[in-house]
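# Fold and contact review
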Amino acid sequence: MQNSALSLLLSRLDFAWITSMHIIYPPLTAGLSILLFIAEWRWVRTDDEQWYRLTRFFEKLFIINFGAGVATGITMEMAFGILYGPFSQAAGPFFGQVLAYETISAFMYEAGFIGLMVFGWGKLGKKMHLFATANVAVASTLSVWWILVANSWMQTPRGVVFKNGFFHVVNWGAALINPDVTFAVPHMEVAAIELSLCFVTAVSAWQLLKKRHVPMFQRALKWSVLTLVVIAPLQVYLGDGLGGTVAHDQASALAALEGHYHTYNPNGSVDTSWEVVGWPNAKGDDMALAIAIPHVLSLLETHTWNGKVTGLDDIPPQDRPPVLIPFYAFRIMAGIGTVFMLLAFWGLFLAVRGKMAVQNIIDNKWFLRAAVVCGVLPYIAVWTGWWTREISRQPWVVYGMMTTAQGTSRMSVAQEIFWLVGYIGFEILVWGGTWYFFAKVVRHGPDMESPTVDGPMPALDPPEPHAVLAFVKRTKT
Amino acid sequence: MDGLTQIQSIITFAWWMVFSLSVVLYVVLDGADLGAGVFSLFVRNADERGAIMSAMAGTWDANETWLIVAGGVLFAIFPFVYGSAFSYLMVPMAFALWGMITRAVALEFRHLAEPRWQRFSDLAFGFSSLAVAFFGGMALGAVMQGFPLTHEPSTVPTYVGGALRFISPFSIWTGIASVVTVTLGGVLFVRARFQQREPIRWQAVKWCNVVFYLALAVAIITIVFSATIFPWAAHKWLGPNFWIWAIVLLAMIVAALKMRIAANRDRDLEALIWFTVALAIMSISFMATIYPWMVPGTWTIYSGASPPVTLFEFTFSMGAFFPVMIIYNAYQIWVFRERISAMGVHH
Ligand code: HDD
Ligand code: HEM
Ligand code: HEM
């Protein structure tokens, strides 16, 4: 329970900072492990060395990212209790259990197989190694699903009653399969895949711009861009569905992210217009400068021409979320989603015209440059997506049932600043380290010399001459 | 909250054992890594420092997973304790977590860094290990002292009492005690992991002689200190069941002696194992002393437990995942059992 507005704001910032700095790693872990599995599977099936080289190269990047995910993730697990003690106590019977399922069924499971995946080259048979990779992919996907189930329950809590200060689970099924799960879980999962595809696309495009290992990276680029042709529209579809859930179950959140202040126009008709851009006025009760298109909001949220959408003026003042960040964060995310679709269609167009072949792919300079830029965008989309989601849920921590002010630990302002300043330093250290290593590995390029491994070899791992490989061995189990 | 059914009480007790086991495994496994880090602060040769890091390269991460497991079990099964104890311990936990982050990055940076930066990252590695050990020990000591809770109708009691309440002579002492103990584990680890002729192993041997007596003194002082200031400890130890505790003490002494003898005969692995045994006996008797409290005077394991514990999930996790995890961890340590040399690992 926080009494002052400043200390409440700080405790939210404390949490927001560490989650924002954690969420940039797990999606790549979850998505790239699937892509690694596919590439390795192609190698096992076709015995084509290029697939093997690609797998080994992207696996190095994977492991760097994985280490950063662990380094920032340990804090996350402890942070609920530290920063949100009363929330953890109240929600523990549901929320804590779900996170523990994640720990047990995803982290422990993953810890087992990632060791085999990293150290197993040359020690395991081909099929056994592929099996290990598959399990890493399954485990990290499970992890995404569990954590999103927990978070979705905070958005649309079901199956619980709040009594004696904590949530009693009366219906596990309803709590686990709450309304938000239907779209939020797949939206995050597909975001992870989309981010990873963009990552592979960007790295490959960069190599192609440098004319390095053209046949190999042509293959990686072509496959990931063509997969994006399916994945990018799918993500937009899922986002639209998620918007529908929000409109249906979280009226105040929808009003905030659409900057929708009034249910009705002054003349009594339903306000159906969608604000493209705008800026809240000084009193915070309307958009001061806005470009609005009539009927679009009703079409988007209710899929009818004149459907009624609850505005902020129908929400009690103390329950209204902030507008500015959700409004813009949402637009940035959706804009990026559209950009990915355009990129994918551009790629498709080039492929159909026969310009994506090994001999001419490097001529598409502008396409390749655009592809490199698209490596950064999904990170921004993931951030803005979470900011939309978390901030538009305010002032609730468990929507409609427990406010954030009730959920925070009783910390002093000095204590909160101590945490924030410390974590700004340490998380930037991790971030800097990760990108430094990424850059190093990408610049160095794939290892084309070492012989491919064909199942168990007599000797133990040969000494690794390259520092990155030594790092790789150290990073996870 | 109290009011658990009989079967729930039994499951809660079983979960508490699992929690304790995870904590003990973490302390025993990662403790040695931390100690080796502290020791590395006193190693002059840069290649040797690098070798210490390589020696734990394959295992330290898996060792740390036990901490995550302990945290997960605490949140799920004892949420009332999790939510109050952790906000009480915010400051020491922040330092320990920063230590863990730094340690991870230092381990990973080293081989890519230029010599100038290597010196820096070695220092970071050493000090972060020291910080994790010290603040971890301090947090444990602070928990033993208990903490005040709110009393508001129809809310769960939660921590009130400020950021610095965890500081006391006792918790500072347990911080120091923890550093000494892990350092002993660390030097034994270095002895066992390096080839006999390595100079760094000789340095560890010398250290071992001193740190052993230090650790002995620390153990005795901690026991006397606790008995003096904690009535619940004195009552148990000196109560009608004193003979059980006497046997436990004897077992601890035997393990320590065995360790000493093995060390003197250069049977390094054996010494490390006896150290582990002594530490495990100590941790388990510590838990038994506190029982039924989880936080003395504040939460018992039954009042801190989440009401809907079920047999199903216990069987699910214990039957399926814990054994796999333990086997995997053991397999890993087995894979990395070979002794190494400072030059051999550093390329
Ligand atoms: C399982 C739960 C969960 C998950 C997966 C996330 N969060 Fe969250 N988030 C919370 C649970 C939570 C919380 C503990 O419930 C907070 C604290 C205050 C609040 O209302 O919700 C919160 C607050 C919070 C805030 C501050 C909101 C505000 O100030 O209004 C931001 C910006 C984020 N989070 C961002 C993220 C990001 C980037 C995440 C990606 C990992 C994320 N959250 C995942
Ligand atoms: C905000 C709550 C979160 C908490 C408490 C949390 C906790 C953790 C922890 C402790 C780890 C390290 C585990 C290990 O050592 O293997 C981790 C990693 C991971 N997290 Fe999170 N996390 C959170 C948010 C998320 C979200 C939103 C996602 C999914 C999109 C996610 C997906 C993952 C995945 C896939 C991993 C495994 C990969 C890795 O270890 O790097 N986490 N998380
Ligand atoms: C036109 C495209 C998109 C639309 C319409 C859309 C829509 C949404 C909506 C409505 C939310 C929920 C906000 C809330 O609960 O308050 C959301 C959340 C989110 N979005 Fe998007 N989105 C789009 C594209 C993307 C892209 C391209 C990414 C990343 C690659 C992304 C990542 C996320 C994430 C990480 C979240 C939070 C987690 C979740 O709710 O699953 N989105 N999005």
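What you see is a predicted model; the values in this text were computed from it and never measured. (Residues numbered from 1 in each chain as written. Chains lettered and ligands numbered in written order. Predicted model: local features only at pLDDT ≥ 70, side-chain atom pairs only at ≥ 80, totals over all residues. Heavy atoms only, no water.)

## Things to note about the overall build of chain B
To be explicit about the condition: Only DSSP runs of H or I with at least four residues qualify as helices, and only runs of E with at least two residues qualify as strands; both kinds are numbered from the N terminus onward. The rule is simple: take the accessible area with a 1.4 Å probe, protein chains only, and divide by the maximum for that residue type; under 20% is buried, over 50% is exposed, in between is partly exposed. By definition, residues are in contact when any of their heavy atoms lie within 4.5 Å. Where accessible areas are quoted, they stem from the Shrake-Rupley method and a 1.4 Å probe; at the residue level, only the protein chains shown are allowed to cover.
In terms of regular secondary structure, chain B is built from 13 helices and 2 strands. When the 347 residues of chain B are sorted by exposure, 59% land in the buried category. Taking the intrachain contacts of chain B between residues at least 6 apart in sequence as the baseline, contacts between residues at least 24 apart amount to 82%. With the model as given, the accessible surface of chain B reaches about 14,300 Å², and the carbon-plus-sulfur share is 75%.

## A look at the overall build of chain A
To keep it simple, the criterion reads: Put simply, the radius of gyration uses C-alpha atoms, and a globule should come to 2.2 Å times the residue count raised to 0.38. When charges are counted, Lys and Arg contribute as positive and Asp and Glu as negative, whereas His and the chain ends are disregarded. Charge placement uses NZ in Lys and CZ in Arg. For Asp and Glu, CG and CD serve respectively.
For chain A, the count of helices and strands is 16 helices and 6 strands. Over its C-alpha trace chain A gives a radius of gyration of 24 Å, about what one expects of a compact globule, namely 23 Å for 477 residues. Residues classed as buried in chain A amount to 58% of the 477 residues present. Taking all contacts inside chain A whose residues are at least 6 apart in sequence as the whole, residues at least 24 apart take part in 79%. In the form shown here, chain A has an accessible surface area of approximately 18,400 Å², with 69% of it arising from carbon and sulfur atoms. Positive and negative charge centroids in chain A, built from 32 and 32 side chains respectively, lie 8 Å apart.

## Focus on the site of ligand 1
Residues and elements named next belong to chain A. Operational definition: Nearness is judged by heavy atoms alone; a residue qualifies as near a molecule or strand once a single heavy atom is within 4 Å of it. A 3.5 Å cut-off defines polar contacts: any pair of N or O atoms within that distance qualifies, except that in protein one atom must be a possible hydrogen donor and the other a possible acceptor, and neighbouring residues in sequence count only when both atoms are side-chain atoms. Three classes are used, and their members are as follows: Ala, Val, Leu, Ile, Met, Phe, Trp, Tyr, Cys and Pro are nonpolar, Asp, Glu, Lys and Arg are charged, and the others, Gly among them, are polar.
In the vicinity of ligand 1, 21 residues are found, and the nearest of them are Arg12, Met154, Glu390, Arg393 and Gln394. A distance of 2.5 Å is found between an oxygen atom of ligand 1 and a side-chain nitrogen or oxygen belonging to Arg393. Between ligand 1 and Thr404, the relevant distance is 3.2 Å, taken from an oxygen atom to a side-chain nitrogen or oxygen of the residue. When contributions to the shell around ligand 1 are tallied by element, the ones reaching two or more residues are helix H1 (5–22), helix H5 (126–155), helix H13 (377–393) and strand S5 (396–398). Split into classes, the residues belonging to the shell around ligand 1 amount to 13 nonpolar, 5 polar and 3 charged.

## Comments concerning the nonpolar core
We apply this condition: Take the buried Ala, Val, Leu, Ile, Met, Phe, Trp, Tyr and Cys residues and link them wherever side-chain atoms come within 4.5 Å; each set so joined is a nonpolar core.
Formed by 182 residues in total, the largest nonpolar core has its most connected members in Leu83, Phe87, Phe95 and Trp153 of chain A. The element contributing the most residues to this core is helix H3 (residues 49–83) of chain A, with 19 residues. Each residue touching Trp153 of chain A, except ones within four places of it in the same chain, is listed here: Ala91, Phe94, Phe95, Arg158, Val160, Phe167, Ala175, Asn178 and Val398 of chain A. Ala55, Phe212, Ala215 and Ala262 of chain B belong to the second largest nonpolar core, which has 41 residues in total.

## Some thoughts on the site of ligand 3
Near ligand 3 there are 25 residues, and of these Ala184, His187, Leu242, Met333 and Arg389 of chain A occur at the shortest range. Separating a nitrogen atom of ligand 3 from a side-chain N or O atom of His187 of chain A is a distance of 2.7 Å.

## Let's talk about the coordination of the iron atom of ligand 3
All names here are of chain A. Just so we agree on the cut-off: Metal coordination here is assigned from N, O and S atoms located within 2.8 Å of the ion, or within 3.2 Å for Na, K and Ca; omission of water means that sites may look incomplete. Irregular is the label for any site that misses the other tests, which are tetrahedral for four donors with all angles between 85 and 135 degrees, and square planar for four donors or octahedral for six when opposite donors exceed 155 degrees and the remaining angles lie between 65 and 115.
Looking at the iron atom of ligand 3, the protein donor atoms are His187 (NE2) and Met333 (SD), and they sit 2.1 to 2.3 Å from it. Here the iron atom of ligand 3 is ringed by 6 donor atoms whose angles at the metal span 79 to 179°, and the overall shape comes out octahedral. Taken as a pair, His187 in helix H7 (residues 181–209) and Met333 in helix H11 (residues 324–352) lie far apart in primary sequence, 146 residues in all. Using a relative accessible area of 14% as the deciding quantity, one classes His187 as buried.

## Observations concerning the pairing of strand S1 (residues 160–163) of chain A
All names here are of chain A. Short version of the rule: At least two bridges found by DSSP between two strands are what make those strands a pair.
For S1 and strand S2 (residues 166–169), the ladder comprises 4 bridges, and the chain directions are antiparallel. Across the sheet, the residue bridging to Lys163 is Phe166, located in S2. Where S1 hands over to S2, the hairpin turn is made up of 2 residues, of which Asn164 adopts a positive phi near 50°.

## Notes on the coordination of the iron atom of ligand 1
Within the protein, a single donor atom binds the iron atom of ligand 1, namely Glu390 of chain A (OE) at 2.8 Å. For Glu390 of chain A, the position within the fold is in helix H13.

## Quick word on the interface of chain B and chain A
Note the threshold: Two parts placed together each lose some accessible area under a 1.4 Å probe, and adding up what both lose gives the buried area. Note on definitions: salt bridges are taken to be side-chain nitrogens of Lys or Arg within 4 Å of carboxyl oxygens of Asp or Glu.
Across the boundary between the two partners, chain B contributes 64 residues, which contact 62 residues of chain A. The junction of chain B with chain A conceals about 5,600 Å² of combined surface from both sides, 73% of it contributed by carbon and sulfur atoms. In this structure, the salt-bridge partner of Glu152 of chain B is Arg410 of chain A, at a minimum N-O distance of 3.6 Å. On inspection of chain B and its partner chain A, the count reaches 7 residue pairs in polar contact (both at pLDDT 80 or more).

## Things to note about the packing of helix H2 (residues 26–46) of chain A against H5 of chain A
All names here are of chain A. Applicable threshold: Between N-to-C directions, angles cover 0 to 180 degrees, with each direction set by a line fitted to C-alpha atoms, over the stretch in contact for helices. Should an angle lie under 35 degrees it is considered roughly parallel, over 145 roughly antiparallel, and from 65 to 115 roughly perpendicular; all remaining angles are considered oblique. Here a crossing is called left-handed whenever its near helix is offset anticlockwise from the far helix by less than a right angle, and right-handed whenever the offset is clockwise.
It is at 8 Å that the axes of H2 and H5 come closest, and there the two elements cross at 160°. Classed by the angle they form, the pair H2 and H5 counts as roughly antiparallel. You can see that H2 and H5 cross each other, and the crossing is left-handed. Contact with H2, carried on its side by Thr29, Ala30, Ser33, Ile34, Leu36, Phe37, Glu40, Trp41, Trp43 and Val44, involves Lys126, His129, Leu130, Thr133, Ala134, Val136, Ala137, Ser140, Thr141 and Val144 of H5 and no other residues of that element.

## With respect to the environment of Arg219 of chain A
Residues and elements named next belong to chain A. The residue Arg219 is located in helix H8 (residues 214–249) in this model. Judged by relative accessible area, which is 18%, Arg219 ranks as buried. Leave out the neighbours within four places in its chain, and Arg219 touches Asp48, Gln50, Trp51 and Leu54.

## What to know about unusual backbone geometry
Here Gln394 of chain A and Pro395 of chain A are connected by a cis peptide whose omega angle stands at 5°. Cis geometry marks the peptide bond from Tyr291 of chain B to Pro292 of chain B, where omega comes out at 5°. Looking at the element boundaries, Pro292 of chain B is found in the loop between helix H11 (268–290) and strand S1 (293–295). Positive phi values are uncommon outside glycine, yet Lys211 of chain A reaches one of about 55°. Within the secondary structure layout, Lys211 of chain A lies in the loop between H7 and H8.

## Notes on the packing of aromatic side chains
Let me state the cut-off plainly: For this analysis, a ring pair means two rings from Phe, Tyr or Trp (six-membered ring only for Trp) whose centres lie within 6.5 Å, classed as stacked if their planes differ by under 30 degrees, edge-to-face if by over 60, and tilted for the remaining angles. Throughout this description, the term charge over a ring refers to an Arg CZ or Lys NZ atom that lies within 6 Å of the ring centre and within 35 degrees of the ring normal.
The full count for this structure, using the stated rule, is 50 aromatic pairs over all chains. Ring geometry for Trp43 of chain A against Tyr52 of chain A: centres 4.9 Å apart, planes inclined by 45°, an arrangement best described as tilted. Owing to a relative accessible area of 3%, Tyr52 of chain A belongs among the buried residues under this scheme. Taken together, a centroid distance of 5.4 Å and an interplanar angle of 50° make the contact between Trp16 of chain B and Tyr291 of chain B tilted. With Trp16 of chain B in helix H1 (residues 6–40) and Tyr291 of chain B in the loop between H11 and S1, this pair connects stretches of sequence that are 275 residues apart. Through a chain of ring-to-ring contacts, the aromatic side chains of Phe15, Phe80, Tyr84, Phe87 and Phe95 of chain A together with Phe75, Tyr82 and Phe86 of chain B assemble into a single cluster. Its end group placed over the ring of Trp366 of chain A, Arg369 of chain A keeps NZ or CZ at 4.7 Å from the ring centre. One Lys or Arg, Arg201 of chain B, reaches over the ring of Trp202 of chain B and ends 5.4 Å from the middle of that ring.

## Side note on the confidence of the model for chain A
Note the cut-off: Across the chain, each position has a pLDDT score giving the predictor's confidence in that residue, from 0 to 100.
In the predicted model, chain A carries a mean pLDDT of 86, and 94% of its residues have values of at least 70. This stretch, residues 457–477 of chain A, has a pLDDT under 50; its non-local contacts, to residues over four places away or in other chains, come to 53 contacts.

## Some thoughts on the pattern of salt bridges
Taken as a whole, this structure holds 16 salt bridges over all chains when the rule is applied. Among the salt bridges present, the one from Arg331 of chain A reaches Glu258 of chain A, with a minimum N-O distance of 2.8 Å. In this pair, Arg331 of chain A is assigned in helix H11 and Glu258 of chain A in the loop between helix H9 (251–257) and strand S3 (274–280), connecting sequence segments 73 residues apart. The partner of Glu390 of chain A in a salt bridge is Arg393 of chain A, with the nearest N and O atoms 3.0 Å apart. One end of the pair is Glu390 of chain A and the other is Arg393 of chain A, both in helix H13 and 3 residues apart, which spans about a single turn. Residue class for Glu390 of chain A comes out partly exposed when judged on its relative accessible area of 22%. Arg393 of chain A sits in the buried class, given a relative accessible area of 3%. Here the residues in one salt-bridge network are Arg191, Arg201, Asp266 and Asp268 of chain B, joined through shared partners.

## Considering a nonpolar patch on the surface
All names here are of chain B. Quick reminder of the rule: Patch definition: residues with relative accessible area over 30% and no salt bridge; like charges joined within 9 Å; nonpolar side chains (Val, Leu, Ile, Met, Phe, Trp, Tyr) joined within 5 Å.
Where nonpolar side chains cluster on the molecular surface, the patch consists of Ile223, Leu249, Leu250, Ile253, Val254, Leu257 and Ile261 and spans about 590 Å² of accessible area. Sort the elements by how many residues they give to the nonpolar patch and helix H10 (residues 242–264) lands first, with 6 residues. Structurally, the position occupied by Leu250 is in helix H10.

## Section: the state of the cysteines
All names here are of chain A. What counts here: In this description, the term disulfide denotes a pair of cysteine sulfurs within 2.5 Å.
In total, this model carries 0 disulfides over all chains according to the counting rule given. Cysteine Cys374 is unpaired, with the sulfur of Cys198 as its nearest cysteine sulfur at 5.9 Å. When its relative accessible area of 5% is taken as the criterion, Cys374 is described as buried.

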